[in-house]
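Now for the letters of each chain:
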Amino acid sequence: QVQLVESGGGLVQAGGSLRLSCAASGTIFRVFSMSWYRQPPGKPRELVAAITRGGSTNYADPVKGRFTISTDNAKNTVYLQMDSLKPEDTAVYYCAANLSPGIATMARDYWGQGTQVTVSS
């Protein structure tokens, strides 16, 4: 089985920083990409940032220049450094990994349980 476990959420004042981590564990053959999503209160889940195994990154416009996604491929871990946080960044943050658990198994998305980030004004 594959598990994704997030950590690093919490309460921070506007302008502050937080670093989220997400480690994938279990039977993993290859991770192809890892991503961070968020779901603000009363709104649908949205993509925040994504990174491929080769290091290509993609960011949502509202976080460009403030958030940085990175990975440690050896540890199957993805990070999200969040700087200059704003109250509108308040959300539950989820990590996702597109991975194959076996050499002959098709890749699919796996999700973490989410971690709350609250930014006070």
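Keep in mind it's a predicted model, so treat the numbers as computed, not measured. (Residues numbered from 1 in each chain as written. Predicted model: local features only at pLDDT ≥ 70, side-chain atom pairs only at ≥ 80, totals over all residues. Heavy atoms only, no water.)

Participant: Could you give me a rundown of the overall build of the protein, with the residues and numbers involved?
Facilitator: Scanning the protein from N- to C-terminus turns up 0 helices and 11 strands. When its helices and strands are written in sequence order, the protein yields β-β-β-β-β-β-β-β-β-β-β. At 14 Å, the protein has a C-alpha radius of gyration in line with the 14 Å of a compact globule built from 121 residues. Each principal axis of the C-alpha atoms in the protein carries an extent, and together these give about 50 × 25 × 25 Å. In the protein, buried positions account for 41% of the 121 residues. Within the protein, counting contacts between residues at least 6 apart in sequence, those at least 24 apart form 55% of the total. As displayed, the protein offers around 6,400 Å² of accessible surface, 49% of which is attributable to carbon and sulfur atoms. When the 11 basic and 8 acidic side-chain charges of the protein are each reduced to a single mean position, those positions are 5 Å apart. (Helix = DSSP H or I, 4+ residues; strand = E, 2+ residues; numbered from the N terminus. Rg over C-alpha atoms; globule rule 2.2 N^0.38 Å. Buried < 20%, exposed > 50% of the residue type's maximum accessible area, 1.4 Å probe, protein only. Contact = heavy atoms within 4.5 Å. Areas by Shrake-Rupley, 256 points an atom, 1.4 Å probe, with all protein chains shown as cover. Lys, Arg positive; Asp, Glu negative; His and termini not counted. Charge placed at Lys NZ, Arg CZ, Asp CG, Glu CD.)

Participant: Would you mind going over the pairing of strand 9 (residues 91-100) in detail, with residue names and values included?
Facilitator: For strand 9, a buried count of 8 out of 10 residues is recorded, marking the element as mostly surrounded by other parts of the structure. For strand 4 (residues 30-39) and strand 9, the ladder comprises 9 bridges, and the chain directions are antiparallel. The residue of strand 9 that forms the bridge with arginine 30 is serine 100. Examined bridge by bridge, strand 9 and strand 10 (residues 108-111) share 4 bridges and lie antiparallel to one another. Of the residues in strand 10, the one forming a bridge with leucine 99 is arginine 108. (Pairing = 2+ DSSP bridges.)

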